[in-house]
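Structure at a glance
Now for the letters of each chain:
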Amino acid sequence: MLPHDLCSKIQNAFRARHQKLSLNHNTQNLGILSILLRAGFISSITRGTIAGPDPQGFGVVKESERRIWADLKYRDDQPVLSNMELISRPSRRVYMTPSEIRLICSGRRSGQVKPLGMGEVAVVKTEDKEHEWLEAREALQMKLAGEVVCRAR
């Protein structure tokens, strides 16, 4: 699944007022969802099957039936995540150095990328296998460059 599919699925689930969201189990989806969990946009992540969240059944089923279940978060009947958009597209990849990431995190524009607002996060995919998916501020602390995939607010 490409990042734009993930962004649109998450946005559509929030707009349709779903309680849970099911996504294919892969490192990209798990990485992006864990960033959204740490930022407070979703309330929990559970491994499961097509039938539902089931950590025990996750290890038993075949790979194609494994899913990640995310519990979506609402405040005063409004979705916590209002917008999730792609920054790096398949036709135009956006790679940033730590100094460029510092610019967008501190409220200044870097190239075509607008600065992050209050409560907004950007997802960065780095080359470091131990820290492959990071939030922009975490990548900045670790001084890691990478592809800025998407932003959420």
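Whatever comes next refers back to the structure up there.
First things first, this report covers the structure right here in the doc. All values reported here derive from a predicted model rather than from experimental measurement.

Definitions and cut-offs
Residues numbered from 1 in each chain as written. Predicted model: local features only at pLDDT ≥ 70, side-chain atom pairs only at ≥ 80, totals over all residues. Heavy atoms only, no water. Helix = DSSP H or I, 4+ residues; strand = E, 2+ residues; numbered from the N terminus. Polar contact = N/O pair within 3.5 Å; in protein donor to acceptor, adjacent residues only side chain to side chain. Contact = heavy atoms within 4.5 Å. Buried < 20%, exposed > 50% of the residue type's maximum accessible area, 1.4 Å probe, protein only. Pairing = 2+ DSSP bridges. Core = buried A, V, L, I, M, F, W, Y, C linked by side-chain atoms within 4.5 Å.

What follows deals with the side chain of His25. Along the chain, His25 falls in the loop between β1 (20-24) and α2 (27-39). At 3.3 Å, the side chain of His25 forms a polar contact with the side chain of Arg47. Sequence-distant contacts of His25, that is, excluding residues within four places in its chain, are made with Arg47, Phe58, Glu63, Arg66, Arg67 and Ile68.

To continue, consider the environment of Met142. Positionally, Met142 belongs in the loop between α5 (136-141) and β10 (146-152). Sequence spacing of Met142 and Glu85 is 57 residues, and the spatial spacing of their C-alpha atoms is 24 Å. Leave out the neighbours within four places in its chain, and Met142 touches His131 and Leu134.

All right, on to the pairing of strand β8 (residues 121-126) then. Within β8, five of the six residues are buried, leaving the element largely enclosed by the surrounding structure. In the sheet, β8 pairs with β10 via six bridges, with the strands oriented antiparallel. Residue pairing in the sheet places Val123 in a bridge with Cys150 of β10. Here β8 pairs with strand β9 (residues 133-135) via three bridges, running antiparallel. The residue of β9 that forms the bridge with Val124 is Leu134. With antiparallel pairing between neighbouring strands as the criterion, β8 and β9 make up a hairpin whose turn holds six residues.

Here Ser110 lies in the loop between α4 (98-105) and β8. For Ser110, the residues in contact, after removing those within four places along its chain, are Met96, Glu100, Leu103 and Ile104.

A few words now on the nonpolar core. In this structure, Ile10, Leu33, Leu36, Leu81 and Met84 are the most contacted members of the largest nonpolar core, which totals 26 residues. Elements supplying a minimum of two residues to this core: α1 (3-15), β1, α2, β3 (66-72), β6 (84-86), β8 and β10. It is α1 that provides the largest number of residues to this core, a total of five residues. Every residue in contact with Leu33, bar those within four places of it in the chain, is listed here: Ile10, Leu23, Ile42, Ile45, Ile68 and Ala70. In terms of nonpolar packing, the next biggest core, distinct from the first, is built from 16 residues, Cys105, Leu116, Ala122 and Val124 among them.

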